[in-house]
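Now for the letters of each chain:
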Amino acid sequence: MSNYKIAFCGLGSIGKRHLRNVCEYLNQKGNTFTIDLYRSKVGSDVPLDIRPLVTSIYSYDDIAESNIMYDVVFVTNPTSVHYDTIQKFKHRTKSFFIEKPVFDKTDIDTSLFEDLKDTICYVACPLRYSAALQYVKQNIDFSKSFSVRAISSSYLPDWRPGQDYRKCYSAHRDMGGGVGIDLIHEWDYLTWLLGTPVETYSIQRKISNLEIDSDDVAIYIGRTSTTSIELHLDYFGRSMIRTLEMFLPDDTIRCDIEDGRIEYLRTGRVIQLPSERNEYQMREIEHFFEIINNLISATL
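A few points on the structure. (Residues numbered from 1 in each chain as written. Predicted model: local features only at pLDDT ≥ 70, side-chain atom pairs only at ≥ 80, totals over all residues. Heavy atoms only, no water.)

What follows concerns unusual backbone geometry. A cis amide bond, omega -20°, links Lys100 with the succeeding residue Pro101. By the secondary structure assignment, Pro101 is in the loop between β5 (95-98) and α3 (111-115). (Helix = DSSP H or I, 4+ residues; strand = E, 2+ residues; numbered from the N terminus.)

Let us now look at helix α6 (residues 185-194). Across the 10 residues of α6, 9 count as buried, placing the element largely inside the fold. The inward-facing, buried residues of α6 contact α4 (131-139), β7 (147-155), β8 (199-205), β9 (217-223), β10 (228-234) and β11 (236-247). Downstream of α6 by one or two residues, Gly195 has phi in the positive range, about 90°. (Buried < 20%, exposed > 50% of the residue type's maximum accessible area, 1.4 Å probe, protein only. Contact = heavy atoms within 4.5 Å.)

Glancing now at the sheet that holds strand β3 (residues 56-59). With respect to topology, 6 strands assemble into an open sheet ordered β3-β2-β1-β4-β5-β6, the strand pairing being parallel. Strand pairing shows two members of the sheet lacking a second neighbour, β3 and β6 (120-123), which therefore form its edges. Geometrically, the sheet is characterised by an average inter-axis angle of 20° between neighbouring strands, direction not taken into account. Sitting on the sheet, helix α1 (residues 13-28) touches β1 (3-9), β2 (32-39), β4 (72-75) and β5, and the angle it makes with β1 is about 175°. (Pairing = 2+ DSSP bridges. Axes fitted to C-alpha atoms, helices over the stretch in contact; angles between N-to-C directions.)

Viewed as axis vectors pointing N to C, α4 and α6 meet at an angle of 20°, and their least axial separation amounts to 10 Å. For the element pair α4 / α6, the angle class is roughly parallel. Between α4 and α6 the crossing geometry is right-handed. Where α4 approaches α6, its residues Leu133, Gln134, Val136 and Lys137 are matched on the opposing element by Tyr189, Trp192 and Leu193. Broken down by class, the residue content of the contact of α4 with α6 amounts to 5 nonpolar, 1 polar and 1 charged. (Parallel < 35°, antiparallel > 145°, perpendicular 65-115°, else oblique. Left-handed = near helix turned anticlockwise from the far one by under 90°. Nonpolar A, V, L, I, M, F, W, Y, C, P; charged D, E, K, R; others polar.)

Our focus in this paragraph is the state of the cysteines. Per the stated rule, a full pass over the model turns up 0 disulfides. No disulfide involves Cys9; its sulfur sits 13 Å from that of Cys121, the nearest cysteine. Overall, Cys9 belongs to the buried group, its relative accessible area being 0%. The exposure class of Cys121 is partly exposed, given its relative accessible area of 37%. (Disulfide = S-S within 2.5 Å.)

All right, on to helix α7 (residues 277-292) then. Spanning 16 residues, α7 covers 23 Å between terminal C-alpha atoms, matching the ideal 22 Å at 1.5 Å per step. For α7, the set of buried residues is Asn278, Tyr280, Gln281, Met282, Glu284, Ile285, His287, Phe288, Phe289, Ile291 and Ile292. In this structure, the buried residues of α7 make contact with β1, α1, β4, β5 and β6. Backbone nitrogen of Asn278 and a side-chain oxygen of the N-cap are separated by 3.0 Å at the start of α7; the cap is Glu276. Positive phi appears at Asn294, one or two residues downstream of α7, with a value of about 60°. (Expected span 1.5 Å × (residues − 1). Polar contact = N/O pair within 3.5 Å; in protein donor to acceptor, adjacent residues only side chain to side chain.)

What follows is the structure, encoded as structure tokens:
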């Protein structure tokens, strides 16, 4: 049994999900823990179901004047402030769980990485843990694939029920929004399955009537040494589509990640592997704690 001292930076929709899942997981394992919450406005309301899970609430300025050391810091605030948050906590934690994407720009002081060389830094990309993509990883030989085609299309106003989509970070370029960096799950699993492309091209822009200033479409083409890649991302699709199509010598296989359905289009074989979102996000939390406890390699 372990005792963990944990900090959460930010409490948006994904922060609340991770916080609940961390508490559920550690309770299941019989571990003890405390959770400190850091917010830009300490007096902001904390949801009633979250408040009993939080030990203390601080402002970000408090960390500079304290000697607190954490086992884990969860960085779940807007992407645009990730860099500053990690800077503030880099000497106050043994490990980071960083919500994707890590940063919203590349012109940063890279000396930060040297400061973090002995710190575990995990970037959240939970789609890898879905049952459908786990099947693809274990059963498809991508060295023989001619081409893959992936799409993630959804309607931004439907993402966060009860919240004005125009006020969320996704809607604003200066907060780290835009499909090119907001929807990195697809590039994450594509490189996980295929390796890093040797060549890529993209078109990214705002084209819909959504009231946002971030890019709402990104279209990529690329290739590895053996396989061509097509990827479409958007914020304006009125019906959720999240699929991966794989063109192989003997069959064409469609993986519907949202429904957990694998279809072999030539032979007609169908495999149903449902995976509710919180199930695979819980598997990610479990994997993360196994990493920081040296129970498993960081490579999935």
